[in-house]
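Chains, contacts and geometry: an overview
Chain residues, written in single-letter form:
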Amino acid sequence: MVHSRSVDAPPATRVGITSAAAALPERVVTSAELQEQVERASGIALPPRLFSRMTGIETRRIAGPDEHASTLAVRAARAVFDSAAVAPDDIDLLIFASASRDMAEPATAHIVQAELGTRAHAFDLTNACNSFLNGIDTARTFVLAGRARRALVVTGETPTRSMRMRASSAAQVRSSFAGYTFGDAGAAVLVEQVPTGGILDVQTATFSEYWTIGGIDGGGSRHPRGDEHTYFHGDGGKLRSVFERVGLDVLRTVHHRTGFDWSDYERVLVHQVTLPYLNRFVELARVPAEKLIVTVPELGNVASATIGVQLARADEELPSGSRVFCLGLGGGVSITTMVWEKS
């Protein structure tokens, strides 16, 4: 039996992200191609360029039949190891934090760990599109408590597997439309003690009364079987209105507590569902558009990997001392913010 070494770690005072990477499937599918596939399989004619016009998404990456959630997570993790010159034995906590998973049991973290050759305390964490940010916050807590020295947080998102490619009616296309925004991606970060900067603030807000707005019903005790329950469904308009109604209050709270405003951040990383949704957020929150890293037109909505992909790009381009604001939005409904200063 192998035991984690984390119980011997001294408590930390500053914890941050020391390396970040992303992994994308090779296959690129345009919105025009996707709409054509849905129309052909369903025998339904949709308005021209409906998918791209409504979402602002031009392309997305789609995992191949032999690529799984764990596959994308492993690729991102290996890129992090290479970048940080870290060996598998240097990891004592591994969190697979994703809305997707390979199977119901065992935890996908074990599949990732077996591929990487790590010997860490490993478990899954899931909270829709906030999974990855929640995983980083959980890893930070472990390090602060002295339960871990160096944590690896990974996500592998394959939400395109929940797209309804064959609809029985135009109404079913509408109820499944949020699924057509999806793309696949993976991301990984190392979380450990840092001498300066680090994760300065984390704020969470949860509004569980809205859990019925959308999701994937299958895979749990309510609907353990049946393909019909494996497709994403929901009301994107209602979900957007909830985030607009409660999200600005969360932002005001964070700004007041930290004393930071948008001018104090080099980058603002936001979960991106569609381009119109992102533009509406920029308008309401008055975020300078040049501070965003916009990924949704080329990648679509990659669930919890959205923030992960942006973190990887920010980590590459920003110098030490740069401050980054992250805003995660997840079904359920939950909002997570994180302020990170690159060490």
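Figured I'd write up the structure that's included with this text. Residue indices follow the written sequence of each chain, beginning from 1 at its first position. Per-residue local features are limited, in this predicted model, to residues with pLDDT of at least 70; the limit for side-chain atom pairs, both in listing and counting, is 80 or more; totals at the level of whole chains, interfaces and linings are taken over all residues. Note that water and hydrogens are dropped before the side-chain values are worked out from all heavy atoms of the structure.

Between side chains of opposite charge, a pair can form when the charged atoms approach closely. Each reported salt bridge corresponds to a side-chain nitrogen of Lys or Arg within 4 Å of a carboxyl oxygen of Asp or Glu. For the structure on display, the rule yields 12 salt bridges. In this structure, D249 engages R252 in a salt bridge whose closest nitrogen and oxygen atoms are separated by 2.4 Å. Residue D249 and its partner R252 are both found in helix 7 (residues 236–258); the two are separated by three residues, about one turn of the helix. Counting from the N terminus, the helices are DSSP H or I runs at least four residues long and the strands are E runs at least two residues long.

Axis lines are fitted through C-alpha atoms, for helices just across the contact stretch, and the angle between N-to-C directions can take any value from 0 to 180 degrees. The geometry of helix 3 (residues 69–84) relative to helix 4 (residues 108–116) is characterised by a closest axis approach of 10 Å and an angle of 45° between their N-to-C directions. Classified by the angle their axes make, helix 3 and helix 4 are oblique. Of the two possible hands of crossing, helix 3 and helix 4 adopt the one that is right-handed. Judged by residue contacts, S70, A73, V74, A77, R78 and F81 of helix 3 engage T108, I111, V112, E115 and L116 from helix 4. Gly is placed with the polar residues, together with every amino acid not listed as nonpolar (Ala, Val, Leu, Ile, Met, Phe, Trp, Tyr, Cys and Pro) or charged (Asp, Glu, Lys and Arg). Taken together, the residues of the contact of helix 3 with helix 4 break down into seven nonpolar, two polar and two charged. In these notes the angle categories are as follows: under 35 degrees is roughly parallel, over 145 is roughly antiparallel, 65 to 115 is roughly perpendicular, and the rest is oblique. Whether a crossing is left-handed or right-handed is set by the direction in which the near helix is turned from the far one by less than a right angle, anticlockwise for left-handed and clockwise for right-handed. Any pair of residues with heavy atoms lying within 4.5 Å of one another is described as a contacting pair.

Another point: the pairing of strand 6 (residues 150–157). The two faces of the sheet receive side chains in turn, since in a regular strand these alternate between them. Here's how the labels work: a residue is buried when its accessible area is under 20% of the maximum for its type, exposed when over 50%, partly exposed in between, all with a 1.4 Å probe on protein chains only. Burial runs high along strand 6: seven of the eight residues are buried. Sheet analysis places strand 4 (residues 93–97) next to strand 6, joined by four bridges and oriented parallel. Residue pairing for strand 6: L94 is matched across the bridge by L152. Criterion used throughout: strands pair if DSSP finds at least two bridges between them. Sheet analysis places strand 6 next to strand 7 (residues 185–193), joined by eight bridges and oriented antiparallel. By the bridge assignment for strand 7, E157 is matched with A185.

All right, on to the environment of D261 then. Along the chain, the position of D261 falls in the loop between helix 7 and strand 11 (267–270). Sequence separation between D261 and V15 is 246 residues, and the spatial gap between their C-alpha atoms is 22 Å. Counting of polar contacts relies on pairs of N or O atoms within 3.5 Å, with two restrictions inside protein: one atom must be capable of donating a hydrogen and the other of accepting it, and residues adjacent in sequence are counted only when both atoms are side-chain atoms. Engagement of the side chain of D261 in a polar contact is seen with the side chain of S263, the distance being 2.4 Å.

All right, on to the side chain of R60 then. Tracing the chain through its elements places R60 in strand 3 (residues 59–61). A distance of 3.0 Å separates a polar side-chain atom of R60 from the backbone oxygen of Y180.

A word on the sheet that holds strand 1 (residues 15–23). One open sheet holds the five strands; their spatial order is 1-7-6-4-5, and the pairing between them is mixed. Because the sheet does not close on itself, it has two edges, and the strands there are strand 1 and strand 5 (121–125). On average, each strand axis in the sheet is inclined to that of its neighbour by 15°, with strand direction left out of account. Along the sheet, helix 4 contacts strand 4, strand 5 and strand 6; its crossing angle with strand 4, the most-contacted strand, is approximately 125°. Contacting strand 1, strand 4, strand 5, strand 6 and strand 7, helix 5 (residues 131–144) crosses the sheet at an angle of about 20° to strand 7.

With that settled, consider the sheet that holds strand 11. The four strands are arranged 8-13-12-11 in an open sheet whose pairing can be described as mixed. Two strands in the sheet have a free side with no partner beyond their single neighbour: strand 8 (198–206) and strand 11. For this sheet the average axis-to-axis angle between neighbouring strands, irrespective of direction, equals 10°. Relative to strand 13 (residues 334–341), strand 12 (residues 323–330) runs antiparallel, the two being bridged by eight bridges. Residue pairing in the sheet places G328 in a bridge with T336 of strand 13.

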